[in-house]
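Report on the structure
One letter stands for each residue in the lines below.
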Amino acid sequence: MTTSVLVLGAGFGGLELSSRLAQELGDQVEVTLIDRGDAFVFGFSKLDIMFGKRTPEAVRLPYRGLSTPHVRFRQETVIAIDPEARRVVTDHATYQADVLAVALGADYDLAATPGLAEAGHEFYSVPGAGAVRDVLPSFRAGSAIVGVCGTPFKCPPAPSEAAILLDEYLRQRGVRDDVRISVVIPFGTPVPPSPATSEAILAKFAERGIEFVRDRRVTALDPATHQAVLDDGSRLPFDLFLGIPVHRAPAVVEKAGLTTGGWIPVDPGTLATRFPGVYAVGDVTSVGTPKAGVFAERAARVVADQLIARIRGESEPPGYDGTGSCWIEFGGHEVARVDVDFFSTPGHPTGTFTAPSARTAQEKVEFGTSRHARWFGGATGRGGATG
Ligand SMILES: Cc1cc2nc3c(=O)[nH]c(=O)nc-3n(C[C@H](O)[C@H](O)[C@H](O)COP(=O)(O)OP(=O)(O)OC[C@H]3O[C@@H](n4cnc5c(N)ncnc54)[C@H](O)[C@@H]3O)c2cc1C
């Protein structure tokens, strides 16, 4: 008997789940993978686009050719989900499956921050990062803010990375002395689970003259005065605003009644939703780990392993452990790593820091290369640190 699995979203979570099921189960499974896009882009590639290191074209991993005998890829937009019936309507067809996995990620709500679309930029999408790349060459003096507009947001170290890379970019152009860089983050430290990581980032900020505005969130931009309004009412002037927009679960997920408090609640061990046969992984959930690709991928692997064990009649595999490693760009072609554990001591995530080095930068390249190979059958390093 063949088990049909419908996977919504071909990001980190959806790609890992579908490829693992197909590779392990072959004919025993029929996976349909749906995404509105035509290519996958690693989140960290947006930093490369933004600073002109790679073009958007160079970092795309096209979904064409992803279909194998056991995975059917469909470029369609999901417009309705009925989790009770495990039925999904897209702009092209209606699907029903034995197992439904929601991996639709997080959408950005620019309108939630008045003035952001008019007076600022976001670098969290490919078009947004491309727009920043286009304005950076003419930015020579004034105040630059990297500002977080809401929590939770993807890849908590990314605002710090953006500030460090902006400093480097401006130095290379010889204009750094004429620019003030501030980072506004709604946490007390850049990476709260790991004091050592935060200390290293704060030391880098101090060395580079980057101002850290802690425990604050940007609520609005005033296009008339070019000031960012913070959540305590204070204002910071800006000439360049690089924002991390408010994140939301995709509207189709909310409409389906899958969310509570904005995100999909799941069993933290199994990633099961309250609907039988329906799982959710990655940024769209409130599982308790950060919104980052490494966590989405690990959660997807746990779902895949449960399904594989069930179909083979084997015993239940270990549950999701809430661990993952995040890479952090430190400039000068050096990358640091933080290995975080969110579940071992509930409510008290911990992290171990590996100092920035060229060796860890190479590890990040290999991370991308291995995913490219696993998901797309590719052999090159297109998805690596520079791609
Ligand atoms: C600047 C930046 C740097 C980052 N750096 C890192 C890093 O170094 N390490 C790391 O682990 N993570 C990093 N991330 C975060 C990472 O990219 C995300 O957390 C990760 O992609 C989440 O995976 P996911 O599978 O949950 O969702 P996604 O990868 O976002 O995939 C969701 C998919 O669903 C599709 N979709 C959404 N709605 C619909 C619809 N209605 N119909 C059809 N398809 C739909 C989307 O097109 C998308 O392909 C970074 C992110 C950014 C922005």
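Everything below is about the structure shown above.
Residues numbered from 1 in each chain as written. Predicted model: local features only at pLDDT ≥ 70, side-chain atom pairs only at ≥ 80, totals over all residues. Heavy atoms only, no water.

What about the overall build of the protein chain?
On a plain count of helices and strands, the protein chain comes out with ten helices and 23 strands. Projected onto its principal axes, the C-alpha coordinates of the protein chain cover approximately 65 × 40 × 40 Å. Counting every position in the protein chain, which comprises 387 residues, the buried fraction comes to 54%. Nonlocal contacts in the protein chain, meaning residues at least 24 apart in sequence, comprise 66% of its contacts between residues at least 6 apart. When the accessible surface of the protein chain is summed, it comes to about 15700 Å², and 51% of that surface belongs to carbon and sulfur atoms. The protein chain carries 38 positive and 45 negative side-chain charges, and their two centres are separated by 2 Å. (Helix = DSSP H or I, 4+ residues; strand = E, 2+ residues; numbered from the N terminus. Buried < 20%, exposed > 50% of the residue type's maximum accessible area, 1.4 Å probe, protein only. Contact = heavy atoms within 4.5 Å. Areas by Shrake-Rupley, 256 points an atom, 1.4 Å probe, with all protein chains shown as cover. Lys, Arg positive; Asp, Glu negative; His and termini not counted. Charge placed at Lys NZ, Arg CZ, Asp CG, Glu CD.)

Focus on the pattern of salt bridges
The full count for this structure, using the stated rule, is 26 salt bridges. In this structure, Arg374 engages Glu16 in a salt bridge whose closest nitrogen and oxygen atoms are separated by 2.8 Å. Of this pair, Arg374 sits in helix α10 (residues 358-376) while Glu16 sits in helix α1 (residues 12-25), and the two are 358 residues apart along the sequence. You can call Arg374 partly exposed: its relative accessible area is 24%. (Salt bridge = Lys/Arg side-chain N within 4 Å of Asp/Glu carboxyl O.)

As for the pairing of strand β21 (residues 323-329)
Most of β21 sits inside the fold, with six of its seven residues counted as buried. Linking β21 to strand β22 (residues 335-341), which pair antiparallel, is a turn of five residues; within it Gly331 sits at a positive phi near 80°. (Pairing = 2+ DSSP bridges.)

Here's the deal with the packing of aromatic side chains
This model, assessed by the stated rule, comprises 21 aromatic pairs. A centroid spacing of 6.4 Å and a plane angle of 15° characterise the contact between Tyr63 and Phe376, whose relative ring orientation is stacked. Of this pair, Tyr63 sits in the loop between β4 (61-62) and β5 (71-75) while Phe376 sits in helix α10; the two residues are 313 residues apart in sequence, bridging distant segments of the chain. Just as Tyr63 is buried, Phe376 falls in that class too. (Phe/Tyr/Trp six-rings, centres within 6.5 Å; stacked < 30°, edge-to-face > 60°.)

What to know about the site of the ligand
Among the 25 residues in the neighbourhood of the ligand, the closest are listed as Gly13, Asp35, Val78, Asp283 and Gly293. In this structure, an oxygen atom belonging to the ligand sits 2.6 Å away from a side-chain N or O atom of Asp35. Note that a nitrogen atom of the ligand is positioned 3.0 Å from one of the backbone N or O atoms of Arg36. Here the ligand has 1000 Å² of accessible area as a free molecule, and 93% of this is covered by the chains. For the shell around the ligand, the secondary structure elements donating two or more residues are α1 and α9 (293-312). Looking at the shell around the ligand element by element, the count peaks at three residues for α9. (Near = heavy atom within 4 Å. Polar contact = N/O pair within 3.5 Å; in protein donor to acceptor, adjacent residues only side chain to side chain.)

Digging into the state of the cysteines
If you walk through the whole model with that rule in mind, you get zero disulfides. Its sulfur unpaired, Cys149 is 16 Å from the next cysteine sulfur, which belongs to Cys155. Exposure remark for Cys149: the relative accessible area of 1% places this residue in the buried category. Of all cysteine sulfurs, the one in Cys155 lies closest to Cys326, which takes part in no disulfide; the gap is 5.9 Å. Accessibility expressed as a relative area gives 9% for Cys326, which makes it buried. (Disulfide = S-S within 2.5 Å.)

Regarding the sheet that holds β21
With antiparallel pairing, the three strands of this open sheet are ordered in space as β21-β22-β23. If you trace the sheet from one side to the other, it starts and ends with β21 and β23 (350-357), each paired once. Geometrically, the sheet is characterised by an average inter-axis angle of 15° between neighbouring strands, direction not taken into account. Pairing geometry for β21 and β22, over seven bridges, is antiparallel. Within β22, the position partnered with Thr323 by the bridge is Asp341. (Axes fitted to C-alpha atoms, helices over the stretch in contact; angles between N-to-C directions.)

Here's the deal with the side chain of Lys46
As for its placement among the helices and strands, Lys46 is situated in helix α2 (residues 45-50). Of the buried charged residues, Lys46 lacks a salt bridge, with Glu122 as the closest side chain of opposite charge at 7.7 Å. Reaching out from Lys46, the side chain makes a polar contact with the backbone oxygen of Tyr124 at a distance of 3.2 Å. When near neighbours in sequence (up to four residues on either side) are disregarded, Lys46 contacts Tyr108, Phe123, Tyr124, Ser125, Val126 and Ala129.

Section: the pairing of strand β2 (residues 29-35)
Extensive coverage of β2 is indicated by the burial of six of its seven residues. Inspection of the sheet shows strand β1 (residues 3-8) paired to β2 by six bridges, in the parallel sense. Of the residues in β2, the one forming a bridge with Leu6 is Thr32. Note that the unit made of β1, α1 and β2 has a crossover that is right-handed. (Right-handed = clockwise from strand over helix to strand, strands pointing away.)

Things to note about unusual backbone geometry
Looking along the chain, the bond that leaves Thr151 and enters Pro152 is cis, with omega of -5°. Mapped onto the fold, Pro152 is located in the loop between β12 (142-148) and α6 (158-172). Even without glycine at this site, His226 takes up a positive phi of about 55°. Inspection of the secondary structure assignment puts His226 in the loop between β15 (218-222) and β16 (227-230).

Worth remembering: the numbers are spatial, not functional.
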